[in-house]
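Here are the chains, one letter per residue:
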Amino acid sequence: MEVIILFSVFLILLVVGMPIAFALGIASTAYLLMEGISLTIVPQRMYAGIDTFVLLCIPGFVLAGNLMNVGNITEHIVRFSNALLGHIRGGLGLANVGGSMIFGGISGTAVADSASIGSVMIPGMAKAGYDKPFAAAVTAASSTVGPIIPPSVPMIIAGSLSGISVGRMFLAGAVPGLLMGLAMMVTVYILAVRRGYPKEKRVPVMQLLREAKTAFWALLMTVIILYGIIGGFFTPTEASIVACLYALVVGMYVYKGLTWRKLPAILVDTVLTSSALLLMVGLANLFGWILTSEQIPQMIATLILSISENPLIVLLILNLILLFVGAFMETIAALIILFPALVGVATGVGVDPVHFAVIAVLNLMIGLTTPPVGVCLFVVAGIGKLPMLTVARAIVPFLLCNLTVLMLVTYVPAISLWLPNLLMGSN
């Protein structure tokens, strides 16, 4: 009975628009009061949820993304992508996807990507003759590549929950992320040809080289982060600090968009964003502890395995569960509550845990562009001053595209495991 009330309170609060962190906290507190459990467990479980060294990556990569935006690094990424792809039909849409792939390889968060790239590309595409809903849909869909291509904040969370190597997960996301980006580029091109969207003039070779030279410093950040982690020079947490220092130096002394006067506002924004994320992690850990004490994960595992023990069927069921949850719940909260249980089910039927981690993150990223709680949809709808349902309709072709990639990644493990096994050896 108490568990039913726990979920009822949680869902009602979500429906009325309560921020998910507070919905988790209030529902958990209601359960504890009904069970007569001391509320001292609340700070204990919250602290246990965030007392993990790898979670220090979160404020690090958030700060790096903010420094990039203010330091004009994002602008140079977009300019380079446009110079490279703008002459193709629908070139600005292709540049939007390309910019998200590069930006996502530095910030690791989809919402930051949709906000930063969207603020540049949505008005720019609309001015160039693209339908504004299409521009918003491309931005929202392509932003989900960010947490697949390393670094990835959701993968950091998954690693902290399960003990899976964050470095291996980063590498495992690289090929699926590139595949996802390329599939969206194909979708953009097909829609652009059918709808007669414009194309830019081909950029002279010398101008393209100049844009590449200018964007070099932005592109180099991803290389430094990945090579440093793979080569064992620093941990993912240390990599986030290196990314911050690099973004600070490049933004201030190379692109010169960053000044000392702008740093306080950047730091305040980073603190607000990071604290909101970590508050959610802490409260979701409390919620997850209650579910574990009620043996909900074991019930889920038993139910799934009672349907089938065939890995192909089990993976399909897990995908459906994650897609459904991702449509209603924020990514990090969903990971903390469900990932430990579902990874146990997956590994129980022989699925590699790193492979399943990529599947889980990819599912939940698709959820960011799915109503009713698609955060990236709300972000781009706000930037484009569009009704959310209008953007949701426009994003359908990209959802189908991403679901196709999800099926490939799910049933062809080599797509995820080839690179980590090549560079770090098989487990």
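For the structure itself, look to the data block above.
Since we're looking at a predicted model, the values are computed, not measured. (Residues numbered from 1 in each chain as written. Predicted model: local features only at pLDDT ≥ 70, side-chain atom pairs only at ≥ 80, totals over all residues. Heavy atoms only, no water.)

Enquirer: So what's going on with the overall build of the protein chain? Residues and values would help.
Expert: Tallying secondary structure elements over the protein chain gives 21 helices and zero strands in all. In summary, the protein chain has a C-alpha radius of gyration of 21 Å against a globular reference of 22 Å for 427 residues, a match within 12%. Each principal axis of the C-alpha distribution contributes one length, and for the protein chain these read about 70 × 50 × 45 Å. Counting all 427 residues of the protein chain, 54% fall into the buried class. Looking at the protein chain alone, contacts between residues at least 24 apart form 78% of all its contacts between residues at least 6 apart. For the protein chain, the accessible area works out to roughly 17600 Å², and carbon and sulfur atoms hold 70% of it. Between the centroid of the 18 positive side chains of the protein chain and the centroid of its 14 negative side chains there is a distance of 23 Å. (Helix = DSSP H or I, 4+ residues; strand = E, 2+ residues; numbered from the N terminus. Rg over C-alpha atoms; globule rule 2.2 N^0.38 Å. Buried < 20%, exposed > 50% of the residue type's maximum accessible area, 1.4 Å probe, protein only. Contact = heavy atoms within 4.5 Å. Areas by Shrake-Rupley, 256 points an atom, 1.4 Å probe, with all protein chains shown as cover. Lys, Arg positive; Asp, Glu negative; His and termini not counted. Charge placed at Lys NZ, Arg CZ, Asp CG, Glu CD.)

Enquirer: Describe empty space enclosed by the protein, naming the residues involved and giving the relevant values.
Expert: Under the counting rule described, the total for this entry stands at one cavity of 30 Å³ or more. Estimated volume of the largest cavity: approximately 30 Å³. Where the lining of the largest cavity is concerned, the elements lending two or more residues are helix H14 (296-307) and helix H16 (331-348). By residue class, the composition of the lining of the largest cavity is seven nonpolar, no polar and no charged. (1 Å grid on protein atoms, 1.4 Å probe; cavity = no way out; pocket = protein on both sides within 12 Å on 5 of 7 lines; lining within 4 Å. Points joined across faces, edges and corners; volume = space filled by probe spheres on them. Nonpolar A, V, L, I, M, F, W, Y, C, P; charged D, E, K, R; others polar.)

Enquirer: Account for the packing of helix H4 (residues 57-70) against helix H12 (residues 236-254), with residues named and values stated.
Expert: With their axes 8 Å apart at the nearest point, H4 and H12 run at an angle of 20 degrees to one another. Our classification of the angle between H4 and H12 gives roughly parallel. Considering only the axes of H4 and H12, their crossing is left-handed. On H12, the residues that touch Cys 57, Gly 60, Phe 61, Leu 63, Ala 64, Leu 67 and Met 68 of H4 are Pro 236, Thr 237, Ala 239, Ser 240, Ala 243, Cys 244, Ala 247 and Leu 248. When grouped by side-chain class, the residues that make up the contact of H4 with H12 number 12 nonpolar, three polar and no charged. (Axes fitted to C-alpha atoms, helices over the stretch in contact; angles between N-to-C directions. Parallel < 35°, antiparallel > 145°, perpendicular 65-115°, else oblique. Left-handed = near helix turned anticlockwise from the far one by under 90°.)

Enquirer: An account of the side chain of Thr 144 is requested, with residue identities and associated values reported.
Expert: Relative to the elements of secondary structure, Thr 144 occurs in the loop between helix H8 (132-143) and helix H9 (153-162). The class of Thr 144 is buried, set by a relative accessible area of 1%. A polar side-chain atom of Thr 144 sits 2.5 Å from the main-chain carbonyl oxygen of Ala 141. (Polar contact = N/O pair within 3.5 Å; in protein donor to acceptor, adjacent residues only side chain to side chain.)

Enquirer: Residues and numbers for the packing of aromatic side chains, please.
Expert: Per the stated rule, a full pass over the model turns up eight aromatic pairs. Between the aromatic rings of Phe 7 and Phe 287, the centroid separation amounts to 5.9 Å while the plane-to-plane angle is 85 degrees, which identifies the pairing as edge-to-face. Placement of Phe 7 in helix H1 (residues 2-15) and of Phe 287 in helix H13 (residues 263-293) is noted, with a sequence separation of 280 residues between them. Assessed through its relative accessible area of 31%, Phe 7 is described here as partly exposed. (Phe/Tyr/Trp six-rings, centres within 6.5 Å; stacked < 30°, edge-to-face > 60°.)

Enquirer: Could you give an account of the nonpolar core, naming the residues involved and the relevant values?
Expert: With 146 residues, the main nonpolar core has Leu 24, Phe 134, Phe 339, Phe 356 and Phe 398 as its most contacted residues. Ranked by the residues each element gives to this core, the list is headed by H16, at 12 residues. Beyond its immediate stretch of four places on either side in the chain, Phe 356 contacts Leu 318, Leu 322, Phe 339, Leu 342, Val 343, Ala 346 and Val 351. (Core = buried A, V, L, I, M, F, W, Y, C linked by side-chain atoms within 4.5 Å.)

Enquirer: Would you mind going over the layout of surface pockets in detail, with residue names and values included?
Expert: Here the second largest pocket defines a volume of roughly 290 Å³. Lining of the second largest pocket is provided by 13 residues; of these, Phe 7, Phe 10, Leu 11, Val 325 and Met 329 occupy positions nearest its centre. Elements with a minimum of two residues in the lining of the second largest pocket: H1, H14, helix H15 (311-326) and H16. The residue makeup of the lining of the second largest pocket, split by class, is 13 nonpolar, no polar and no charged.

Enquirer: Now, about a nonpolar patch on the surface: what can you tell me, with residues and values included?
Expert: A surface patch of nonpolar side chains, amounting to about 870 Å² of accessible area, comprises Leu 303, Ile 307, Leu 312, Ile 313, Leu 316, Leu 320, Met 407, Leu 408, Tyr 411 and Val 412. At the level of elements, H14, H15 and helix H20 (396-411) are the ones that each hand at least two residues to the nonpolar patch. The element that contributes the greatest number of residues to the nonpolar patch is H15, accounting for four residues. Within the element layout of this structure, Leu 320 appears in helix H15. (Patch = residues over 30% accessible without salt bridge, like charges linked within 9 Å, V, L, I, M, F, W, Y side chains within 5 Å. Salt bridge = Lys/Arg side-chain N within 4 Å of Asp/Glu carboxyl O.)

Enquirer: Could you give an account of the packing of H14 against H15, with specific residues and numbers?
Expert: Two numbers describe a pair of packed helices, the interaxial angle and the distance between the axes. The contact between H14 and H15 brings their axes to 9 Å, and the two run at 135 degrees. Between H14 and H15, the angle falls in the class oblique. For the element pair H14 and H15, the recorded crossing hand is right-handed. When H14 is examined against H15, the residues Ile 304, Leu 305 and Ile 307 are found in contact with a partner set consisting of Val 314, Ile 317, Leu 318 and Ile 321. A class-by-class count of the residues in the contact of H14 with H15 yields seven nonpolar, no polar and no charged.

Enquirer: Got a sec to walk through H1? Specific residues and values, please.
Expert: End to end, H1 covers 20 Å across 14 residues, agreeing with the expected 20 Å (1.5 Å per residue, within 8%). Summarising the contacts, the buried residues of H1 are in contact with helix H2 (20-35), H13 and H14. The positive-phi residue at the C-terminal boundary of H1 is Gly 17, with phi of around 95 degrees. (Expected span 1.5 Å × (residues − 1).)

Enquirer: Got a sec to walk through helix H3 (residues 41-50)? Specific residues and values, please.
Expert: Looking at H3, one finds that the buried residues are Ile 41, Val 42 and Gly 49. Projected down its long axis, H3 carries its buried residues within an arc of 105 degrees, all on one side. (Arc of directions from axis to C-beta.)

Enquirer: Describe the side chain of His 355, listing the residues and the values that go with them.
Expert: Positionally, His 355 belongs in helix H17 (residues 353-367). Those residues in contact with His 355 that sit more than four places away from it in its chain are Val 409, Thr 410, Pro 413, Ser 416 and Leu 417.

Enquirer: Lay out the environment of Leu 272 in plain terms, naming residues and giving numbers.
Expert: Counting through the fold element by element, Leu 272 comes out in helix H13. For Leu 272 and Pro 59, which are 213 residues apart along the polypeptide, the C-alpha to C-alpha distance reads 9.7 Å.

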